[in-house]
Structures are given as structure tokens and as C-alpha cells.
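# Report on the structure
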Amino acid sequence: MSSIIQLLPDHVANQIAAGEVVQRPASVVKELLENAVDAKATDIKLIIKDAGKSLIQVIDNGVGMSVTDSRLCFERHATSKIRQAEDLFSLHTKGFRGEALASIAAIAHVEMKTKQDQEELGTHIVIEGGKFISQDPAVLPKGTSFAVKNLFFNIPARRNFLKSETVEQRHIVDEFQRVAMAHPNIHFTMYHNGSEMFNLPISNFRQRIVNIFSGKTNEKLVPVKEETDILSLQGFVGKPEFAKKNRGEQFFFVNDRFIKSGYLHHAVMAAYEGLLKDGSQPSYFLYLTVPPHTIDINIHPTKTEIKFDDEHALYAILRSAIKHSLGQFNVAPVLDFDRDPNLDTPYQYQNKEAEFPTIQVDRSYNPFAEDKPSKSFSSSPSYKKPEAQTNWESLYVGLKQAGQELAEMTFENDAVTSSLFEENEVEQEVKRTYQIHKKYIVSPIKSGMVIINQNRAHERVLYEEFLTSMTVNQASSQQLLFPLQLYFSAPEMELLAELKSALENTGFVFEAMAADHVLISGLPVNVTESEIAIVLEELLRDLQDGIPDSSFSQNDTIAKSMARSLAIRTGTYLTEKEQENLVHNLFACKEPDVSPFQKPTFITMSVEDIDKKFSV
């Protein structure tokens, strides 16, 4: 029988490996940025076109590569980071597997230019789909320029499964921010389709965070610092009042490497216990430094998961350090039963110096004066003893006559209480709707009853209202007395600029849009000023998760997101008038049966169904 097992060719093996290492354009950005950091660069530029589908280019001023290294770096398992297996437990670099460049070169058109400082000429290499096209000497500056064009050109299935440009761009920005936050000692710049998105100069950790997430972030941060034998912790956590609904601003860095850890996240949430509203997520930017031999990084292709030797100790240290910082900076309330609040110095007197008391003397006072007021009430001229009534019946004389006069008097402001109909002609109004558990509205019908989910019904009503105002006619807006200023990050501001016209059709009025904030002077009629920040945050999150290409579908996504944010919540009490209004508006919709998210809004129960429940 002939043998059926054979070795795969290198280009096939590289494409298979690329499926694990390069999942989307953001994966290429991560690998190239980390290589630039490992090359000891102090200035790194990231250039993106069409959300990475057309071009991903990283330019650094690192040490560069020799002619031999520049060719060898595209081979599988070729790396300068480790020499033996034991080095995996003493890693001080980002990369160590030697698979990234070979995987990227197998599925894209790659152009690399590199030069070492001491060399006169550099090397220019062109690779297409894993095949070397050319390798020539060239006059280049110090460092490396790595350009990846036409990603997944030879794997059309993978290219077709990529999301929209907005989604892919969000993933690229996430990877860029993670690397930039871990290394504030490096100058990072990012360009997308020719426009500058980020320009992050060399700074400290706090300034780097503020430069990435807008200037308003500075007042939200509470510093955290702890030094122990097994862990060195520093960073910042957000104040509870600035917590958001999404988990966008939560970062763990272990030895300058971004990681994801549900266990450590639970430690942070435990420190915030009792300080957050339900469903809110705090911001945190925490940098952990542990001995390299106590962690294992080589457990996931993306290197974002780490195994710790002693997770329980890290949990306890992290929780107590954050709790201590929240209490130290008066963010969390402190209970001290031994403290006497009467001895606290008022705030307005804290910085005030002590003053000597002044003495006032009344020199005209004479304790032996003759006209001293008497303390006896009986001799006081203003007090007269009431005369005794001779007959108690005399107290009620004339009361009946005064009562008759009052009854005959008329006043202009008396309400008209007369009725157009006789009392027997007015039928008693029957209550048509009932609210159950502040969740469902029950209304009787001829065949039985209808049970309506108030949250889903209101979502359907609002969804059709917003969609109509965006596509047919412009909605009315309520003007604010004072414009509202809201701060957003650079990617969120770019997305808001794209959606400005669609949001204005729903009733928003944007007075100004700056680099990191918007000024809103008008709101949709059914949006309150306190809800506007939550509505826009949830809208941006929903849009970043995926916007279809057509503009109608984009309006559809906006209408769905705003309807979900503003709909009546389960647990809200509705008056009888509000219940009836919701029922009438629901059945006036084009599709009252389902919510915008294709869930049923109501069910009907016939009398026969109810009878069956009572049958034995």
C-alpha cells in the first residue's frame, strides 16, 4: 500500500499559520508595531489606507537589519528574540515565535526597506504571496519601513469575511492604543487615508492616557501604586461617577504587554463594590510588573492571555490597592466610628488663622437703676386679665345669622361645578388597560386579552419615529438654554463627523465640533439632557460594532440604537393615560408584532385558552 502522509510545501504551511496569526488587518498592525518596539525605536509611524485592506505601513527609526537578517526574517521560526526553550520564561521582548513576518508575507504584497546605522546602504526587498520578487541595495535612512499591501489577495474567502471599514478601523485603533499606552517613552503617530488621527509625543503614563482619550480624561483618573515582592503595580482607575455602560477603557499591562484577564477584572470590580450603578463599568489603566519566570505567555496565538504562578495573591493585592486608592483620594466613603464629627473643622475655616476675641463693654449699664423691668406678668401694662363671662350662652349669640350671610355671598373665583348632563345619563368609564409587575400591559379585547411587553413596544414606536424623521421629514428639536459640551476620543469624533447629517435629522443640533469634543445646542424632543451622553455613547458603540455599507442601513442602525437607549425600561410605572397612549401608538406602527430586534412585542390569549387553564 502506498504512503499517504507527506510534508506540506512551505508556502502552504505559511498560509495555514497565517490563519492563526493574521486574523484581520489589526493583527498585522499589532505584529509590526511590536517588532518596531523590539527594534528599540523612539519614533514609530503607522500609515493606514482603507482600514488596512489596501495598505498597512509601519516606519521606525530602530536598529535596522543587515542584508542577511533582512532575508532571513521572512523564514518560519526565524527570530532574534530567543535562542533556547528556557528563554521563553525570561522574555523581555514582544515577539519570540518568529512566525509573524512569514505569515504576513504569505498572504499579502510586502515591501521592506531597512538599514543599520553603521552601514552606508540599506536593503530593499519585495515579496508577493510568499515568493521573493527582488532584493536590491538602496539609499535609506536608519531604521525599517514595512509596507503590507492588498492583504488576503490570495485568500478571497478571508477577504470577503472582513467587516466594514468602520469595524476594521476600530480594531486597528484598539491595537495602536494598546501598544502606545504600554510605551509612553516612544513617539507614536497614526495616519488614516491621509489624515492624522493620533500624534502622541514622548510623555509619562498619565499624559499618554490623556493624549489618547481626550483632555477631559485627566479629571477622571485616580492614581494607584503598590510595591510588593511578587508584584509592582502602578496606573490609574476611573472615578465611579464617570463609569460607562461599555468596557472600552479597561486595560491591563503585564511587563509592558497588553493582556486580557477575566480573573483580574473581577478583582477590580470587587474593589468598586457598592460604588457603581448596575451595569456600569469603571475605567482602569493598570501596569503590572512581575518576574518573567512567574508567567507563561506562550499559551495563545495572539499573546493576550497569560498564566500566572500565584493568581490568588495578585487578586488580593490588586483589589486592596485599588480600594486603598479610592479611599485615600476621598472617592469612596470611609466609616470611622471613633471620629467625632462635631470636632471637624469646616471647610471655610481650614486655612483661616486664629484671631483674638474682642471685648465689648456697655459703660451705660447700671444694675441699680430704678426703672428695672419687672418679671411679674400680673403688673405688666401690656397684659390684662380677661373678664369673667357671666353667661356661657352669650358666646354663641349671632353665629347663625353670620353663617347665613356667608352662604349667600358669591365669589368670582368659584369653580363652575354644573354638568351638561344629568347624573343618570353619564356612564361610568371602564378601565381598558392594566399594568402587571411594571413590565406588561394587559388590555381586554373581544376574543380575550392582549399582553404587551412595554419595553419592546416602546422600542418599536420610537424606532419607526426615528426612521421616519431621518428618511422622510426632519424631526423637531428642543433648544437648550446652555449648550452641552461632551468629550469623545479621536476615533469617536471621526465617526460622529460622518454621522452628523443623520443625527441632525433625528433632532440633534451641533453648534460646533472640535478635535475632542462636541457642542450640542438642540436635542430630539423625547431625549432629556441627562440622557444625551448615554444615548451617544451607546450609539457609537453599536455603530463601531458594525455598520452595513448602504446609507439606509446606517440610518436603520442609528434608529435601532436610539430606540433601545430611550425605550421605557422594565420596572417603570405607567399611568393609565400612558398605558393607553403606548397601546394606541404600537398598533399604529407598520409592524407592531415585533420589536426592531425581531422579538415579539405582544401575545394574545383567547377566552378558550383561559378556560383550558381552569379545566381539570
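Residues numbered from 1 in each chain as written. Predicted model: local features only at pLDDT ≥ 70, side-chain atom pairs only at ≥ 80, totals over all residues. Heavy atoms only, no water.

Here His517 lies in strand 21 (residues 517-524). There is a polar contact of 3.2 Å between the side chain of His517 and the side chain of Gln485. When near neighbours in sequence (up to four residues on either side) are disregarded, His517 contacts Gln485, Leu486, Tyr487 and Met493. (Helix = DSSP H or I, 4+ residues; strand = E, 2+ residues; numbered from the N terminus. Polar contact = N/O pair within 3.5 Å; in protein donor to acceptor, adjacent residues only side chain to side chain. Contact = heavy atoms within 4.5 Å.)

Moving on: the sheet that holds strand 18 (residues 448-453). In space, the four strands of this open sheet follow the order 16-17-18-22, with antiparallel pairing throughout. The sheet terminates laterally at strand 16 (434-436) and strand 22 (602-606), the two strands that pair on one side only. If you compare each strand with its neighbour and ignore which way they point, the axes differ by 25° on average. Sheet topology places strand 16 next to strand 17 (residues 440-445); three bridges connect them, and they run antiparallel. For Ile436, the partnering residue across the bridge sits in strand 17 and is Tyr440. Across the face of the sheet, helix 16 (residues 576-587) comes into contact with strand 16, strand 17, strand 18 and strand 22 while running at roughly 90° to strand 18. Helix 17 (residues 607-614) contacts strand 18 and strand 22 of the sheet and is inclined by roughly 70° relative to strand 22. (Pairing = 2+ DSSP bridges. Axes fitted to C-alpha atoms, helices over the stretch in contact; angles between N-to-C directions.)

The next thing to look at is the pairing of strand 2 (residues 55-60). Burial within strand 2 is extensive, with five of its six residues counted as buried. Sheet topology places strand 1 (residues 43-49) next to strand 2; six bridges connect them, and they run antiparallel. Residue pairing in the sheet places Ile44 in a bridge with Asp60 of strand 2. Turn length for the strand 1-strand 2 hairpin, with the two strands adjacent in sequence and antiparallel, is five residues, and the turn residue Asp50 shows positive phi of about 55°. In terms of strand pairing, strand 2 meets strand 6 (residues 143-149) through six bridges, oriented antiparallel. Each bridged residue has a counterpart across the sheet, and for Ile59 the counterpart in strand 6 is Ser145. (Buried < 20%, exposed > 50% of the residue type's maximum accessible area, 1.4 Å probe, protein only.)

Relative to the helices and strands, Asp60 is located in strand 2. Within the buried set, Asp60 has no salt-bridge partner at all; the shortest N-O distance to an opposite charge, 8.3 Å, is to Lys142. For Asp60, the side chain forms a polar contact with the main-chain nitrogen of Gly62, separated by 2.8 Å. Discounting residues that sit within four places of it in the chain, Asp60 has contacts with Ala36, Ala41, Asp43, Ile44, Lys142, Gly143 and Thr144. (Lys, Arg positive; Asp, Glu negative; His and termini not counted. Salt bridge = Lys/Arg side-chain N within 4 Å of Asp/Glu carboxyl O.)

Relative to each other, helix 11 (residues 454-471) and helix 16 sit at 55°, their axes nearing to 9 Å. In terms of their interaxial angle, helix 11 and helix 16 are classed as oblique. As for how helix 11 packs across helix 16, the hand of that crossing is left-handed. Residues Gln454, Ala457, His458, Arg460 and Val461 of helix 11 lie in contact with helix 16, whose contacting residues are Leu582, Asn585 and Leu586. (Parallel < 35°, antiparallel > 145°, perpendicular 65-115°, else oblique. Left-handed = near helix turned anticlockwise from the far one by under 90°.)

Our next topic: the pattern of salt bridges. Overall, the coordinates contain nine salt bridges when judged by the stated rule. A salt bridge links Asp174 to Arg170; the nearest nitrogen and oxygen atoms lie 3.9 Å apart. In this pair, Asp174 and Arg170 both sit in helix 6 (residues 165-182), four residues apart, roughly one turn of the helix. With a shortest N-O distance of 2.9 Å, Arg460 and Glu464 are connected by a salt bridge. Of this pair, Arg460 and Glu464 are both found in helix 11, four residues apart, which corresponds to roughly one turn of the helix. Sharing partners across several salt bridges, the network here consists of Arg460, Glu464 and Glu591.

Now for helix 6. Working note: α-helix, 3.6 residues per turn, so residues spaced by three or four point in the same direction. Taking 1.5 Å per residue, 18 residues should reach 26 Å; helix 6 reaches 26 Å between its end C-alpha atoms and fits that length. Helix 6 sits mainly inside the fold: 13 of its 18 residues count as buried. (Expected span 1.5 Å × (residues − 1).)

It is worth spelling out the pairing of strand 10 (residues 232-238) at this point. For a regular strand, the rule is simple: side chains alternate between the two faces of the sheet. With six of its seven residues buried, strand 10 lies for the most part within the structure. With seven bridges connecting them, strand 9 (residues 221-227) and strand 10 associate as antiparallel partners. Across the sheet, residue Glu227 finds its bridge partner in strand 10, namely Ser232. Hairpin connection from strand 9 to strand 10: four residues lie between these consecutive antiparallel strands.

Another aspect to go through is the packing of helix 2 (residues 25-38) against helix 6. At a minimum axis distance of 8 Å, the contact between helix 2 and helix 6 shows a crossing angle of 20°. As summarised for this structure, helix 2 and helix 6 are arranged roughly parallel, according to the angle between their axes. Crossing of helix 2 against helix 6: the hand is right-handed. Only Glu168, His171, Ile172, Glu175, Phe176 and Val179 of helix 6 make contact with helix 2, whose side of the interface consists of Pro25, Ala26, Val29, Lys30, Leu33 and Val37. When its residues are assigned to classes, the contact of helix 2 with helix 6 shows eight nonpolar, one polar and three charged. (Nonpolar A, V, L, I, M, F, W, Y, C, P; charged D, E, K, R; others polar.)

This part takes up the packing of aromatic side chains. To describe a pair of aromatic rings, you give the distance between the ring centres and the angle between the ring planes. Here the structure, examined in full by the defined rule, presents 16 aromatic pairs. Measuring from ring centre to ring centre gives 6.2 Å for Phe251 and Phe253, while their planes differ by 5°; the resulting arrangement is stacked. Each member of the pair Phe251 and Phe253 is classed as buried. A centroid spacing of 5.7 Å and a plane angle of 15° characterise the contact between Phe251 and Phe285, whose relative ring orientation is stacked. Remark: Phe285 occurs in strand 13 (residues 284-289) and Phe251 occurs in strand 11 (residues 250-254); sequence separation between them is 34 residues. A network of ring pairs unites the aromatic residues Phe205, Phe213, Phe251, Phe253, Phe258, Phe285 and Tyr287 as a single cluster. Over the ring of Phe132 we find Arg71, and its NZ or CZ is 3.6 Å from the ring centre. (Phe/Tyr/Trp six-rings, centres within 6.5 Å; stacked < 30°, edge-to-face > 60°. Lys NZ or Arg CZ within 6 Å of the ring centre and 35° of its normal.)

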